[in-house]
Amino acid sequence: MIKDVNEKDFTSLGNIPFAPSYQHTLVSVNSGFRTEKPVCDRDKCNGCFLCYLYCPDGVISKDGESVNIDYDYCKGCGICQKICRKNAIHMEKER
Ligand code: SF4
Ligand code: SF4
């Protein structure tokens, strides 16, 4: 399914709005149970924002030409890493 998506389709999203977590649909900080966190390499990121579209918790927002991840609410599921076709996201173990 992912291979059918043309990443150019996502370059016209403009200023992507803040994701649901910023509107307080998540009731508490949930990073406590996370064992790994996603880290974005801005040099590899092309700003396609597929990760934003697929993040189930809506914790990814646009930050210039790259993305920002709200670690307070990211649960570390790794979907953003799997969906990124530029390998711009890797998972780091929490300390
Ligand atoms: S991290 Fe990957 S999926 Fe997310 S915007 Fe950058 S290139 Fe696209
Ligand atoms: S690890 Fe999961 S919750 Fe965290 S930013 Fe990626 S997709 Fe969203």
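About the thresholds
Residues numbered from 1 in each chain as written. Chains lettered and ligands numbered in written order. Predicted model: local features only at pLDDT ≥ 70, side-chain atom pairs only at ≥ 80, totals over all residues. Heavy atoms only, no water. Near = heavy atom within 4 Å. Nonpolar A, V, L, I, M, F, W, Y, C, P; charged D, E, K, R; others polar. pLDDT = per-residue confidence, 0-100. Helix = DSSP H or I, 4+ residues; strand = E, 2+ residues; numbered from the N terminus. Contact = heavy atoms within 4.5 Å. Phe/Tyr/Trp six-rings, centres within 6.5 Å; stacked < 30°, edge-to-face > 60°. Lys NZ or Arg CZ within 6 Å of the ring centre and 35° of its normal. Core = buried A, V, L, I, M, F, W, Y, C linked by side-chain atoms within 4.5 Å. Buried < 20%, exposed > 50% of the residue type's maximum accessible area, 1.4 Å probe, protein only.

Q: What should I look at first to understand the site of ligand 2 in this one?
A: Lining the immediate environment of ligand 2, one finds 13 residues, of which Cys-55, Cys-74, Cys-77, Gly-78 and Cys-80 sit closest. For the shell around ligand 2, the per-class residue count stands at 10 nonpolar, 2 polar and 1 charged.

Q: Which parts of the structure should I look at to understand the confidence of the model for the chain?
A: Low-pLDDT stretches of the model should not have their predicted coordinates read in fine detail. Across the chain, the average pLDDT comes to 79, with 69% of residues at 70 or higher. Looking over the chain, one finds the lowest element-wise mean pLDDT in strand β2 (residues 60-63), namely 88, and the highest in helix α2 (residues 79-83), namely 97.

Q: I keep staring at the environment of Ser-66 and nothing clicks. Help me out?
A: With respect to the secondary-structure elements, Ser-66 resides in strand β3 (residues 66-69). The sequence separation of Ser-66 and Cys-45 amounts to 21 residues, and the corresponding C-alpha distance is 6.2 Å. Each residue touching Ser-66, except ones within four places of it in the same chain, is listed here: Cys-40, Arg-42, Cys-45, Phe-49 and Ser-61.

Q: In this structure, what is going on with the packing of aromatic side chains? I would like to understand it.
A: This structure, assessed with the given rule, holds 0 aromatic pairs. The ring centre of Tyr-71 lies 5.0 Å from the NZ or CZ of Lys-37, which sits over that ring.

Q: Just checking my understanding: could you explain the nonpolar core for this structure?
A: Considering soluble globular proteins, one finds that nonpolar side chains tend to be buried as a cluster. In terms of nonpolar packing, the biggest core is built from 19 residues, with Cys-51, Val-59, Ile-60 and Val-67 touching the most fellow members. Taken together, the elements giving at least two residues each to this core come down to α1 (50-54), β3 and α2. At 3 residues, α1 tops the list of elements feeding residues into this core. Beyond its immediate stretch of four places on either side in the chain, Cys-51 contacts Ile-60, Val-67, Cys-80, Ile-83 and Ile-89.

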